[in-house]
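# Chains, contacts and geometry: an overview
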Number of protein chains: 2
Amino acid sequence: MTKIGFIGTGVMGAAIAGHLLTAGNELYVYNRTKSKTDELVANGAIYCNTPKDVAEQSEIIFSMVGYPKDVHEIYFGENGALKAEVSGKIFVDMTTSEPALAVEIYEAAKKLGAESLDAPVSGGDIGAKNATLTVMVGGDEATYNQVLPYFEIAGKTIMLQGGAGAGQHTKMANQIGIAGTMTAMSELMVYADKAGLDMDKVLTTLGGGGASTWSLSNYAPRILQEDFTPGFFVKHFIKDLGIALAEAEKMGIELPATAEAKRLYDKLADKGFENDGTQALIKLWWKDGKRPE
Amino acid sequence: MTKIGFIGTGVMGAAIAGHLLTAGNELYVYNRTKSKTDELVANGAIYCNTPKDVAEQSEIIFSMVGYPKDVHEIYFGENGALKAEVSGKIFVDMTTSEPALAVEIYEAAKKLGAESLDAPVSGGDIGAKNATLTVMVGGDEATYNQVLPYFEIAGKTIMLQGGAGAGQHTKMANQIGIAGTMTAMSELMVYADKAGLDMDKVLTTLGGGGASTWSLSNYAPRILQEDFTPGFFVKHFIKDLGIALAEAEKMGIELPATAEAKRLYDKLADKGFENDGTQALIKLWWKDGKRPE
């Protein structure tokens, strides 16, 4: 039984924390909106008032919050985790965030005698619930090996990608890859509809060949049902693509197709669809959010 | 034993014609460069001097040439197939070409008492050789049913998508879908390289998740080997995307991500890589066509 901390118990975080608790660990939790910890507390978790308190109580501290500014706050803020006595502890940030911030946490932790990993995930809320997440890890190998048994409780595909920040960079590569599949899916469906094709036939035909993508298999059927429930929020995808493009710019490379995808998603958010799932991109072509007759 | 005609015996056409011949049909062939029919003739096909001659001799006439202008020439030119006595015959154009031209051939054939289908394919030279092509068909159902046994000799996934032109429109949707996967793959690989990630780990991690695409599974390993042998030529992809974008414009829809992909492929061709395979897109970011150290 390990003393595990979990900062940020939104949909994803709560599911992962729940697995860690069920596996028999002692769980210390914090969330900005306290009510989101209620279910975990009812199941035996201990609520802490601040990220600092979580870090005081725990040996390994996971975090999963919204934006890089939130990550910064929970680590470096007045009541941040790194304000605790942290020598010998391990921090694991699972938020999709900036590679440079991951390095900053890593270095700050080292100075305090602690360790850290960046470990963003993919697989969405379903992956979190079913413990089938892909976990992309950056940091030291020894630290990775210590945390691996806990990653294995929540994930299926787990890999150390390199040093601090490499987990975040890998996640950025993943999001760049997804961006192209989302624009492609939207545009091919808009084209097929406009050309008067039978969409079921088109999707059956394309799904087995060179145009096949995870997105087309999983999102196209939902789009045909006009189901825009978020598996992954538009607003979070925009955050991710913003980080990816900023990193690319820092590295001196242009990613024109990813930039175009970001521009389209920004436009979608401007139209008020930022809380839809990413499959809502097709609404840019639809009138009043409805598929053309 | 049916009298089958085949106009255009390039890599793809020759493979398909070969299957039809092996299946026991009488085969009449024409190609602009006569030598490309030599192997088929050695195996029992009969060479004809013009598309018109092929049509005179055959009951079902397939064609697979390069560009819409070539399609126009072999059907409507001075020695074109429709200049023959064609009553009761069936024409099947497998070239990826313009939907409007497919309709034009369909209507011209009807006036002459003949039938026609548009039937572009996907699956590349390997699909043609292994008879595993996807065949996207447009035209009348009765005609489709007559030709289906012959499609089944060359293909695996065969579907009537709708009336004349629907096969071409479906192929355009397919190419729109592929375009997004090619830009996404290139950009994520460029990003991962620049970020100093281990590409094998990145591809293993991403290949099982939301960013997975046929292109990433099939082309990324070739890119790492700097293998740009064409499965599908850059110049032909540019042709296809040009048709798709022109059709979209005619239908009054914008496809910004596809337009961006076309712009990138045009740039690649301008740099002299038009005879590479489509996976060469990444060369836009590489110096002298070499992966960065």
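Residues numbered from 1 in each chain as written. Chains lettered and ligands numbered in written order. Predicted model: local features only at pLDDT ≥ 70, side-chain atom pairs only at ≥ 80, totals over all residues. Heavy atoms only, no water.

## A look at the overall build of chain A
What counts, and what does not: By definition, any uninterrupted DSSP run of H or I lasting at least four residues is a helix, any uninterrupted run of E lasting at least two residues is a strand, and each is numbered from the N terminus. The globule rule is 2.2 Å times the number of residues to the power 0.38, and the radius of gyration it is compared with is taken over C-alpha atoms. Between buried and exposed lies partly exposed: a residue is buried under 20% and exposed over 50% of the maximum accessible area for its type, with that area taken using a 1.4 Å probe on protein chains only. Residue contacts are counted whenever heavy atoms from the two residues lie within 4.5 Å of one another. Shrake-Rupley sampling with a 1.4 Å probe provides the accessible areas, and residues are treated as covered by the protein chains on show and by no other component. Counting rule for charge: Lys and Arg are taken as positive, Asp and Glu as negative, and neither His nor the chain ends is counted. Here the site of a charge means atom NZ of a Lys, CZ of an Arg, CG of an Asp or CD of a Glu.
For chain A, the helix and strand inventory stands at twelve helices and nine strands. Against the 2.2 N^0.38 benchmark of 19 Å for 293 residues, chain A shows a C-alpha radius of gyration of 20 Å, consistent with a compact globule. For chain A, the spread of C-alpha atoms along the three principal axes comes to 65 × 45 × 35 Å. Relative to its full complement of 293 residues, chain A shows a buried share of 57%. In chain A, of all internal contacts separated by at least 6 residues, the share reaching a separation of at least 24 is 66%. Of the roughly 11,500 Å² of accessible surface on chain A, 47% is carried by carbon and sulfur atoms. Measuring between centres, the 27 positive side-chain charges of chain A sit 4 Å from its 37 negative side-chain charges.

## Brief notes about the packing of helix 11 (residues 234-250) of chain B against helix 12 (residues 256-270) of chain B
Residue and element names in this part refer to chain B. For clarity, the cut-off: For helices, the fitted axis covers only the stretch in contact; all axes are lines through C-alpha atoms, and the angles between them, taken along N-to-C directions, range from 0 to 180 degrees. Should the near helix be turned anticlockwise from the far one by less than a right angle, the crossing is left-handed, and should it be turned clockwise, the crossing is right-handed. For this scheme, ten residues count as nonpolar: Ala, Val, Leu, Ile, Met, Phe, Trp, Tyr, Cys and Pro. Four count as charged, namely Asp, Glu, Lys and Arg, and the remainder, Gly too, count as polar.
Taken N-terminus to C-terminus, the directions of helix 11 and helix 12 make an angle of 145 degrees; their axes are 10 Å apart at the nearest point. Considering only the axes of helix 11 and helix 12, their crossing is left-handed. Residues V234, F237, I238, L241, G242 and L245 of helix 11 pack against T258, A259, A261, K262, Y265, D266, L268 and A269 of helix 12. Tallied by class, residues from the contact of helix 11 with helix 12 come to ten nonpolar, two polar and two charged.

## Observations concerning the nonpolar core
We count it as follows: The definition of a nonpolar core used throughout is a set of buried Ala, Val, Leu, Ile, Met, Phe, Trp, Tyr and Cys residues joined through side-chain atoms within 4.5 Å.
With 90 residues, the main nonpolar core has Y191 and Y265 of chain A together with Y191 and Y265 of chain B as its most contacted residues. Setting aside residues no more than four positions away along its own chain, Y191 of chain A makes contact with P99, H169, M172, A173, I176, A244, E247, A248, M251, I253 and L255 of chain B.

## What to know about helix 7 (residues 141-154) of chain A
Residues and elements named next belong to chain A. Rules: To estimate the expected span of a helix, subtract one from its residue number and multiply by 1.5 Å. The seven residues ending at a residue and the seven starting there each receive a fitted axis; the angle between those axes is the bend at that residue.
Look at helix 7: 19 Å from first C-alpha to last across 14 residues, which is about the 20 Å you get at 1.5 Å a residue. At L148, helix 7 is bent by approximately 45 degrees, the largest bend along its length, and proline P149 sits one to four residues beyond. Along helix 7, the residues classified as buried are T143, Y144, V147, Y150, F151 and A154.

## Quick look at the relation of the copies chain B and chain A
The condition that has to hold: Here the copies were fitted onto each other by least squares, based on C-alpha atoms from residues at pLDDT of at least 70 in both.
Between chain B and chain A, which share one sequence, the superposing operator has a rotation angle of 180 degrees and an axial displacement of 0.0 Å; the RMSD is 0.0 Å. Both chain copies can therefore be described as sitting about a two-fold axis. Interface overlap between copies: 100% of the residues of chain B at the interface are likewise at the interface in chain A, consistent with a symmetric, same-surface contact.

## Description of the pairing of strand 9 (residues 155-162) of chain B
Residue and element names in this part refer to chain B. To keep it simple, the criterion reads: Each pair of strands is called paired provided DSSP finds at least two bridges between the two strands. By convention a crossover is right-handed if, when the strands point away from the viewer, the path from the first strand over the helix to the second runs clockwise.
For strand 8 (residues 133-138) and strand 9, the ladder comprises six bridges, and the chain directions are parallel. Considered in strand 9, the bridge of V137 is made with L160. Crossover strand 8 to strand 9 through helix 7 (residues 141-154) is right-handed.

## Remarks on the domain arrangement of chain A
Residue and element names in this part refer to chain A. For the record, the criterion: The domain boundaries here were taken from an automatic or database domain assignment. Two parts placed together each lose some accessible area under a 1.4 Å probe, and adding up what both lose gives the buried area.
Annotation of chain A at the domain level lists domain 1 (3-164) and domain 2 (169-289). For domain 1 and domain 2, the distance between their C-alpha centroids amounts to 29 Å. Buried area between domain 1 and domain 2, summed over both chains or domains, comes out near 1,100 Å², and the portion from carbon and sulfur atoms is 61%. Of all residues in domain 1, Y67, T96 and P99 bury the most surface against domain 2, accounting for 44% of the area lost on that side. Counting residues per element, the ones that place at least two in the side of domain 1 that touches domain 2 are helix 5 (99-111) and strand 7 (121-122). For the side of domain 1 that touches domain 2, the class distribution of residues is seven nonpolar, six polar and two charged.

## Remarks on the pattern of salt bridges
To keep it simple, the criterion reads: The rule for a salt bridge is simple: a side-chain nitrogen of Lys or Arg has to be within 4 Å of a carboxyl oxygen of Asp or Glu.
All told, the structure shown has 22 salt bridges over all chains when counted by the stated rule. Among the ionic pairs, K110 of chain A bridges to E115 of chain A, the shortest N-O distance being 3.0 Å. Residue K110 of chain A is classed as partly exposed on the basis of its relative accessible area of 36%. Residue E115 of chain A is classed as partly exposed on the basis of its relative accessible area of 22%. Close ionic contact of D140 of chain B with K110 of chain B constitutes a salt bridge, the shortest N to O distance being 2.8 Å. In this pair, D140 of chain B is assigned in the loop between strand 8 and helix 7 and K110 of chain B in helix 5 (residues 99-111), connecting sequence segments 30 residues apart. Members of the salt-bridge network, linked through shared partners, are R32, K69 and D70 of chain A.

## A short note on the interface of chain B and chain A
Frequently, the measure chosen for interface size is the accessible area that the parts lose on association. Put simply, the rule is: Here a polar contact is taken to be a pair of N or O atoms separated by no more than 3.5 Å, where protein atoms must pair a possible hydrogen donor with a possible acceptor and residues adjacent in sequence count only if both atoms sit in side chains.
With 53 residues of chain B in contact, the opposing surface of chain A contributes 53 residues. Taking both partners together, chain B and chain A bury about 4,400 Å²; carbon and sulfur atoms supply 69% of that area. When the buried area of chain B at its contact with chain A is split by residue, E187, Y191 and T205 of chain B rank highest and sum to 16% of it. Where chain B meets chain A, there are 14 residue pairs in polar contact (both at pLDDT 80 or more). Elements with a contribution of two residues or more to the side of chain B that touches chain A: strand 8, strand 9, helix 8 (166-194), helix 9 (199-207), helix 10 (214-224), helix 11 and helix 12 of chain B. In terms of residue count, the dominant contributor to the side of chain B that touches chain A is helix 8 of chain B (18 residues).

## Digging into empty space enclosed by the protein
Our working rule: Put simply, the grid is 1 Å and covers the protein atoms alone, a cavity is a trapped set of points that fit a 1.4 Å probe, a pocket is an open set with protein on both sides within 12 Å along at least five of seven lines, and lining residues have an atom within 4 Å of a point. Grid points are joined across faces, edges and corners, and a volume is the space filled by probe spheres set on the points.
Under the definition given, this model contains five cavities of 30 Å³ or more. Considered as a void within the structure, the largest cavity measures approximately 60 Å³ in volume. Along its surface, the largest cavity is lined by 13 residues, and D93, A102, I105, L117 and D118 of chain B are the ones closest to its centre. When residues of the lining of the largest cavity are traced back to their parent elements, those giving at least two are helix 4 (68-76), strand 5 (90-93), helix 5 and strand 6 (115-118) of chain B. Its residues assigned to classes, the lining of the largest cavity comprises seven nonpolar, three polar and three charged. If you trace the second largest cavity, you find it lined by A179, G180, T183, A257, T258 and A261 of chain A together with G180, T183 and A257 of chain B.

## Points about the side chain of D240 of chain B
All names here are of chain B. Summarising the element assignment, D240 is placed in helix 11. Only 2.7 Å separates the side chain of D240 from the side chain of Q175, close enough to count as a polar contact. The contact partners of D240, leaving out residues within four places of it in the chain, are T96, K171, M172, Q175 and F232.

## A closer look at the packing of aromatic side chains
We apply this condition: Any two of the Phe, Tyr and Trp rings considered here, Trp counted by its six-membered ring, make a pair once their centres fall within 6.5 Å; the pair's planes then place it as stacked at under 30 degrees, edge-to-face at over 60, or tilted in between. Geometrically, a lysine NZ or arginine CZ counts as sitting over a ring once it is within 6 Å of the ring centre and also within 35 degrees of the ring normal.
Inspection of the entire model under this criterion finds 17 aromatic pairs over all chains. Ring centres of W214 of chain B and Y219 of chain B lie 5.7 Å apart, and the angle between their planes is 85 degrees; on these two criteria the pair is classed as edge-to-face. A relative accessible area of 32% places W214 of chain B in the partly exposed class. Members of the aromatic cluster, connected to one another through ring pairs, are F6, F62, Y144 and F151 of chain A. Across the ring face of Y67 of chain A, the terminal group of K239 of chain A is positioned such that the distance to the ring centre comes to 5.6 Å. Its guanidinium or amino end placed over the ring of Y47 of chain B, K34 of chain B lies 4.7 Å from that ring's centre, counting from NZ or CZ.

## Observations concerning the UniProt feature "domain: 6-phosphogluconate dehydrogenase NADP-binding" (unreviewed entry) in chain A
For the record, the criterion: UniProt positions are given in the numbering used here, feature names are shortened, and annotations may be inferred rather than shown by experiment.
Under the UniProt annotation, the feature "domain: 6-phosphogluconate dehydrogenase NADP-binding" (unreviewed entry) is placed at residues 3-160 of chain A. Annotated as 42% helix and 24% strand, the span residues 3-160 of chain A places its first and last C-alpha atoms 23 Å apart.

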